[in-house]
Amino acid sequence: MKIVIIYGSANDQAFMQPGRDYMDKEKVAYEERVLSAHRNHAELAEYLKQLNASGEKIVIVAVAGLSAALPGVVAVQTEYPVVGVPVPGGPLNGIDALLSICQVPGQVPLGTVGLHSKAGLNACMFAHRILKLAQ
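Residues numbered from 1 in each chain as written. Predicted model: local features only at pLDDT ≥ 70, side-chain atom pairs only at ≥ 80, totals over all residues. Heavy atoms only, no water.

Regarding the packing of helix H1 (residues 17–26) against helix H5 (residues 119–132)
So, step 1. Orientation of H1 relative to H5, taken along the N-to-C sense of each, is 35°, at an axis distance of 7 Å. Residue-level inspection shows Pro 18, Gly 19, Tyr 22, Met 23 and Glu 26 of H1 in contact with H5, the latter providing Gly 120, Leu 121, Cys 124, Met 125 and His 128.
So, step 2. Residue composition of the contact of H1 with H5, grouped by class: six nonpolar, three polar and one charged. (Axes fitted to C-alpha atoms, helices over the stretch in contact; angles between N-to-C directions. Helix = DSSP H or I, 4+ residues; strand = E, 2+ residues; numbered from the N terminus. Contact = heavy atoms within 4.5 Å. Nonpolar A, V, L, I, M, F, W, Y, C, P; charged D, E, K, R; others polar.)

Comments concerning the environment of Val 59
So, step 1. Structurally, Val 59 can be placed in strand E3 (residues 58–65).
So, step 2. We classify Val 59 as buried; its relative accessible area is 1%.
So, step 3. Sequence separation between Val 59 and Pro 81 is 22 residues; the distance between their C-alpha atoms is 5.3 Å.
So, step 4. Dropping the residues within four chain positions of it, Val 59 is found in contact with Lys 2, Ile 3, Val 4, Pro 81, Val 83, Ala 127, Ile 130 and Leu 131. (Buried < 20%, exposed > 50% of the residue type's maximum accessible area, 1.4 Å probe, protein only.)

Some remarks on the pairing of strand E2 (residues 30–34)
So, step 1. Bridge analysis of strand E1 (residues 2–7) against E2 gives five bridges, and the strand direction is parallel. Among the inter-strand pairings, Ile 3 is bridged to a residue of E2, identified as Tyr 30.
So, step 2. Each parallel crossover has a hand, and the one from E1 via H1 to E2 is right-handed. (Pairing = 2+ DSSP bridges. Right-handed = clockwise from strand over helix to strand, strands pointing away.)

Section: the sheet that holds strand E4 (residues 82–87)
So, step 1. The strand order across the open sheet built from five strands is E2-E1-E3-E4-E5, with neighbouring strands paired in parallel fashion. The open sheet has two free edges, formed respectively by E2 and strand E5 (111–112), since each of these has just one partner strand.
So, step 2. Those strands touched by helix H4 (residues 95–102) are E3, E4 and E5, and its axis lies near 160° from that of E4.

Things to note about the environment of Glu 32
So, step 1. Checked against the element boundaries, Glu 32 lands in strand E2.
So, step 2. Excluding residues that lie within four positions of it along the chain, Glu 32 makes contacts with Ile 5, Tyr 7 and Arg 20.
So, step 3. Separated by 2.5 Å, the side chains of Glu 32 and Tyr 7 make a polar contact.
So, step 4. Separated by 3.3 Å, the side chains of Glu 32 and Arg 20 make a polar contact. (Polar contact = N/O pair within 3.5 Å; in protein donor to acceptor, adjacent residues only side chain to side chain.)

Here it is in structure tokens:
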């Protein structure tokens, strides 16, 4: 059982530090990848295919700013629960990312957290609670 954090950009990793601190403290297994839905789409699709075939109990935390396509793209390509994390930044200070994540079309199940400095922490705590259901 683990949490997989996928970042749309390496620049988003610092934003998730409170979440990583929580997982380290709680001894939650996790791994991280930087795979943009735009720049690394084929690599992202292959990675998700491998996760799907693994049979592991996984919750995915997808972190992205600006157009924030990553969480929706991930949710469409896996059966795992996906929590989207909007990253503040850009000309709209993250509002565009939040709306992109929470306004995905029907049949794209995707959770999201708020737009604030502890969003990454909330996402990791929520993902951990989901994993606990599988114990």
